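If you want the building blocks of each chain, they are given just below.
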Amino acid sequence: NEDGVEVNQYSWVQFQAKCPRFEYGSWGGSRVEDFLESAIGFGLITSFGILYPGLSLFAFVGAMVEHRLFAYRMTHVTRRPFPRGAAGIGAWQQVFDHISNIAVVVNVLLL
């Protein structure tokens, strides 16, 4: 440029290679941390949403913003993970099933 400083222009593949990995415990986050955050929000809304039903609207808007931020992070901040096929969400399905069962008990006790 005009200041005499050389600027490197990276290709998209070079840029992706320099990004942090999308794995547990890394700076860029991971699938486990994302599901855990979603499970906590789901548990709070299903367990205590009966006390203030309007909270569900705020939770929905918050979840939409959060998922857009996850998408941005996966495409612009972290290295894209290697694609693998899956039949579902795996063990997280059991976690959400247990949260749902506990939420039914909590809601009955709160009434």
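All figures in this text were calculated on a predicted structure; none of them were measured in a lab.

Moving on to helix H2 (residues 31-48). With 18 residues, H2 ought to run about 26 Å at 1.5 Å a step, and its terminal C-alpha atoms sit 26 Å apart, in line with that. Residues of H2 that are buried: Asp34, Ala39, Gly43 and Ser47.

Summed over the entire model, instances satisfying the criterion amount to one salt bridge. Two residues, aspartate 34 and arginine 73, come together in a salt bridge whose shortest N-O distance is 2.6 Å. In this pair, aspartate 34 is assigned in helix H2 and arginine 73 in helix H3 (residues 55-77), connecting sequence segments 39 residues apart. According to the relative accessible area criterion, arginine 73 is buried, its value standing at 18%.

Before going further, it helps to spend a moment on the confidence of the model for the protein chain. Looking at the protein chain, the pLDDT average stands at 84 and 92% of residues meet or exceed 70. Between the elements of the protein chain, mean pLDDT differs from a low of 76, seen in helix H1 (residues 12-18), to a high of 94, seen in helix H4 (residues 92-110).

Judged by side-chain polarity, Leu36, Ile40, Leu44, Phe48, Ile50, Leu51, Tyr52, Leu55, Phe58, Leu110 and Leu111 come together as a nonpolar surface patch covering roughly 1,100 Å² of accessible area. Elements with a minimum of two residues in the nonpolar patch: H2 and H3. With four residues, H2 is the largest single contributor of residues to the nonpolar patch. Examined against the element boundaries, isoleucine 50 turns out to sit in the loop between H2 and H3.

Cut-offs and rules
- Residues numbered from 1 in each chain as written.
- Predicted model: local features only at pLDDT ≥ 70, side-chain atom pairs only at ≥ 80, totals over all residues.
- Heavy atoms only, no water.
- Helix = DSSP H or I, 4+ residues; strand = E, 2+ residues; numbered from the N terminus.
- Expected span 1.5 Å × (residues − 1).
- Buried < 20%, exposed > 50% of the residue type's maximum accessible area, 1.4 Å probe, protein only.
- Salt bridge = Lys/Arg side-chain N within 4 Å of Asp/Glu carboxyl O.
- pLDDT = per-residue confidence, 0-100.
- Patch = residues over 30% accessible without salt bridge, like charges linked within 9 Å, V, L, I, M, F, W, Y side chains within 5 Å.
- Areas by Shrake-Rupley, 256 points an atom, 1.4 Å probe, with all protein chains shown as cover.

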